[in-house]
Amino acid sequence: MTELGKLPGIGGRTAQRLAFHLLRASEEDALALADAIREVKERIGLCEICFNLADGPRCRICSDERREPSTVCVVEEPSDIIPVERTHEFHGRYHVLGGALSPIDGVDPEDLRIAELLARVAGTHEPANADGRPEEIREVVLATNPTTTGEATALHIAEQLHERSPDVTVTRLASGLPVGADLEYADELTLGRAFSGRRRLS
Ligand SMILES: [Zn+2]
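The model shown is predicted, which means the values in this text are computed figures rather than measured ones. (Residues numbered from 1 in each chain as written. Predicted model: local features only at pLDDT ≥ 70, side-chain atom pairs only at ≥ 80, totals over all residues. Heavy atoms only, no water.)

**Things to note about the side chain of Glu139**
- Along the polypeptide, Glu139 turns up in strand β5 (residues 139–142).
- When its relative accessible area of 15% is taken as the criterion, Glu139 is described as buried.
- Apart from the residues within four sequence positions on either side, Glu139 is in contact with Ser70, Thr71, Val72, Val168, Thr169, Thr171 and Arg198. (Helix = DSSP H or I, 4+ residues; strand = E, 2+ residues; numbered from the N terminus. Buried < 20%, exposed > 50% of the residue type's maximum accessible area, 1.4 Å probe, protein only. Contact = heavy atoms within 4.5 Å.)

**Looking at the environment of Gln16**
- Take Gln16: it is sitting in helix α2 (residues 12–24).
- Taking the C-alpha atoms as reference points, Gln16 and Pro146, separated by 130 residues in sequence, lie 35 Å from one another.

**Re the pattern of salt bridges**
- Taken as a whole and assessed by the stated rule, the structure comprises 8 salt bridges.
- Across the salt bridge formed by Arg38 and Asp35, the nearest N and O atoms sit 3.2 Å from each other. Of this pair, Arg38 and Asp35 both sit in helix α3 (residues 27–43), 3 residues apart, which is roughly one turn of the helix.
- Relative accessible area serves as the criterion here: at 44%, Asp35 is assigned to the partly exposed category.
- Across the pair Arg172 and Glu151 runs a salt bridge whose closest N-O atoms are separated by 3.3 Å. Of the two residues, Arg172 is situated in strand β6 (residues 169–172) and Glu151 in helix α6 (residues 148–164); the sequence distance between them amounts to 21 residues.
- Using a relative accessible area of 4% as the deciding quantity, one classes Arg172 as buried. (Salt bridge = Lys/Arg side-chain N within 4 Å of Asp/Glu carboxyl O.)

Any functional reading would require information beyond the geometric quantities listed.
Right, here's the structure in full:
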């Protein structure tokens, strides 16, 4: 029960309900769940290109030939990809930073995958595309959360990109997103509008 309570969004009461559910479940069902958890731990890693979750060296999106390799959407966490995908507004690829800049909490640029993003945009990141060519990114959409840390992260990346890859267009999602809220909780209409109305940062 203590282990269940450690899961995100699971409080004491819910942990208790889950424990009772598992007690009532057949041994087969309970062990299937245990196996599924073990499988996630053993098989799921991070994509070598974008750091999304992947059950091989590359995630589903980076392996998809139909996705435009010239546009990259930068998000804080792998879970932020799901709401953006649901809008059907975006057909490019992603880059997962692994958080947002927060000097107070000790999160500095080198703690995020910013260097990897800059290398991808500069075309110096290894490995490149499946066919061995660099991605030739022309637009970077900064879709970090509309929070203080998310905004600071977007500005920092925009400055770095402007310096190193001045020919690349940098855009930020338009307002319409509730300030202070996480992307994960935005409905697809709001997020879809924010996407189509994204503005240029540099
Ligand atoms: Zn990927």
